[in-house]
Amino acid sequence: MKVGDFELDVFSAGRYRLDGGAMFGIIPKPLWERLIPPDEKNRIELDTCCVLVRTGGQQVLIETGCGDKFNEKEREIYQFEPGVTIESALGRRGVDPASMDLVVLTHLHFDHAGGATKRDASGRVIPTFPRATYVVQGGEWEDARNNFGVMKTTYRPENFEPIREAGRLRLVEGDLDLCPGIRLLVTRGHTRHHMSVQIESRGETVLFTSDLIPTRSHLRGPYVMAYDLYPQETMTRKLDILAQAEAGGWRLVWSHEPFWRMGRVVKSDRGEFAAQEVKMMSG
Ligand SMILES: [Zn+2]
């Protein structure tokens, strides 16, 4: 699809499952299970949404999905969609990983950065995008290396250390224009230096929320994941972003939305934010 002068593709790097209760934090199950029905183990199926932006000059990838470096037990727990990775998804679009210029990782949890690296034929872990510069917040990089967080298996050195070793890493600090029209916004809450990505061309705006708003079912204030380090910050920033999105007619892409690729924010009769689907050509 076109966003001003840019070409945008929003697609899945593979589905997986997480505990429904953890995804909705303090929200009681009778409320969230109507939004996304759980399986017999209380897991809900989620997507890993990635965005490819062609600016004319550059190819920029936002997020890389879970990757394919898990052991058998982890595959059982997370139910990763067989055979679907960032590479296979790009392959279906005729995009060679070696053609990627920039890869933005909004944070380094495995369901966002897992596809950033892969095993080569010899079993060595190498960057999936050999020519790309990978862009990460410096604070997030430090937190990942120190495994700063409540979940001890979500930062996995194999997903990010090979990027630095290969000399493909660019650390940035704070809000930043990555290139004309692509702005990185630090939206703290999920992690200390979590980013959202704003794409703007000729007055049209798309915001990749990442885990600030993981699905369209997380628009209300208290609908915050139990995984978030600072839920109150997530809530405040989310409502602020939603107000801007509604006023500006932005389209939103959520990190893990299982049913839609993109939506627009509207205010309901009761004054609450709601989402309307924006159909895209491809999925
Ligand atoms: Zn996530």
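Look a little higher up for the structure.
About the criteria used
Residues numbered from 1 in each chain as written. Predicted model: local features only at pLDDT ≥ 70, side-chain atom pairs only at ≥ 80, totals over all residues. Helix = DSSP H or I, 4+ residues; strand = E, 2+ residues; numbered from the N terminus. Rg over C-alpha atoms; globule rule 2.2 N^0.38 Å. Buried ≥ 20, exposed ≤ 12 C-beta atoms within 10 Å, placed from the backbone. Contact = placed C-beta atoms within 7 Å. Core = buried A, V, L, I, M, F, W, Y, C linked by C-beta atoms within 7 Å. Pairing = 2+ DSSP bridges. Axes fitted to C-alpha atoms, helices over the stretch in contact; angles between N-to-C directions. Expected span 1.5 Å × (residues − 1). Arc of directions from axis to C-beta.

Q: What is the right way to look at the overall build of the chain in this model?
A: What the chain contains, in helices and strands, is eight helices and 18 strands. Whereas a compact globule of 283 residues would reach a radius of gyration of roughly 19 Å, the chain reaches 18 Å, a difference of no more than 12%. Seen along its three principal axes, the alpha-carbon backbone of the chain occupies a region of about 55 × 45 × 35 Å. Each of the 283 residues in the chain was classed as buried or not, and the buried ones make up 46%. By sequence separation, contacts in the chain at least 24 residues apart represent 68% of the contacts at least 6 residues apart.

Q: What should I look at first to understand the nonpolar core in this one?
A: Where a protein is soluble and globular, its nonpolar side chains tend to be buried together. Of all hydrophobic cores here, the largest spans 71 residues; its most connected members are C50, V51, V103, V104 and V253. Among the elements that line this core, the one with the most residues is strand β5 (residues 49-54), at five residues. In this view, V103 contacts L61, T64, A116, F129, A132, Y134 and V135; residues no more than four positions away in its chain are not counted.

Q: Before we go on, may I ask you to explain the sheet that holds β5 in this structure?
A: Each strand in a sheet pairs with another by means of backbone hydrogen bonds, the pair being arranged parallel or else antiparallel. Within the open sheet, the seven strands sit side by side as β1-β2-β5-β6-β7-β10-β11. Their pairing is mixed. In this open sheet, the two strands that pair with only one neighbour each are β1 (2-3) and β11 (169-172). With six bridges joining them, strand β2 (residues 6-12) and β5 adopt antiparallel strand pairing. Paired with D9 across the two strands is L52, which belongs to β5. Running over the sheet, helix α6 (residues 138-145) touches β10 (133-137) and β11 and is turned about 85° from β10.

Q: Would you take a moment to explain the sheet that holds strand β12 (residues 176-179) for this structure?
A: Here seven strands make up an open sheet; going across it, the order is β12-β13-β14-β15-β16-β17-β18 and the pairing mixed. Bordering the open sheet on either side are β12 and β18 (273-277), each of which pairs with just one other strand. Each strand axis lies, on average, 35° off the axis of its neighbour in the sheet, ignoring direction. In this sheet, strand β15 (residues 204-210) lies alongside strand β14 (residues 195-201) in antiparallel orientation, the contact comprising five bridges. Paired with V197 across the bridge in β15 is F208.

Q: Would you take a moment to explain the pairing of strand β13 (residues 182-186) for this structure?
A: For a regular strand, side chains alternate in direction, first toward one face of the sheet and then toward the other. Pairing between β12 and β13: three bridges, direction antiparallel. Considered in β13, the bridge of D177 is made with R183. Hairpin remark: β12 followed by β13, antiparallel, with two residues in the connecting loop; positive phi at G181, about 100°. Relative to β14, β13 is paired through five bridges, and the arrangement is antiparallel. Across the sheet, R183 pairs through a bridge with Q198, a residue of β14.

Q: It is not clear to me how helix α8 (residues 231-248) should be interpreted in this structure. Could you clarify?
A: Helical geometry: 3.6 residues make up each α-helical turn, so side chains three or four residues apart lie on a common side. Here α8 contains 18 residues, and its C-alpha end-to-end distance of 25 Å stays within 8% of the 26 Å for a straight helix at 1.5 Å per residue. Every buried residue of α8 is accounted for by T234, R237, K238, I241, L242 and A245. Projected down its long axis, α8 shows its buried positions confined to an angular sector of 145°, all on one face. Turned more than 90 degrees from where α8 packs its buried face, Q232, D240 and A247 sit exposed. Close packing links the buried residues of α8 with β15, β16 (251-254), β17 (263-267) and β18.

Q: Help me out: how do you make sense of the environment of T215 in this one?
A: Considering the arrangement of structural elements, one finds T215 in the loop between β15 and α8. Here T215 falls in the buried class, since 26 other C-beta atoms lie within 10 Å of it. Residues T215 and M262 lie 47 residues apart in sequence; the distance between their C-alpha atoms is 10 Å.

Q: Would you mind showing me how to read the environment of N159 here?
A: Relative to the helices and strands, N159 is located in helix α7 (residues 157-165). Residue class for N159 comes out buried when judged on the 25 C-beta atoms lying within 10 Å of it. In this structure, the C-alpha to C-alpha distance between N159 and A116, residues 43 residues apart in sequence, is 6.2 Å.

Q: Would you mind going over α6 with me for this structure?
A: By the burial criterion, the buried members of α6 are E140, W141, D143 and A144. Axial view of α6: buried residues confined to an arc of 165°, hence all on one face. Backbone geometry just after α6 places N147 at a positive phi near 50°.

Q: Help me out: how do you make sense of unusual backbone geometry in this one?
A: The phi torsion of most residues other than glycine is negative, and most of the peptide bonds are trans. The phi angle at E63 is positive, at roughly 80°, despite the residue not being glycine. Among the structural elements, E63 can be located in the loop between β6 (59-62) and α3 (72-78). In this model, S210 sits at a positive phi of 50°, which is unusual for a non-glycine residue. By secondary structure assignment, the location of S210 is in strand β15.

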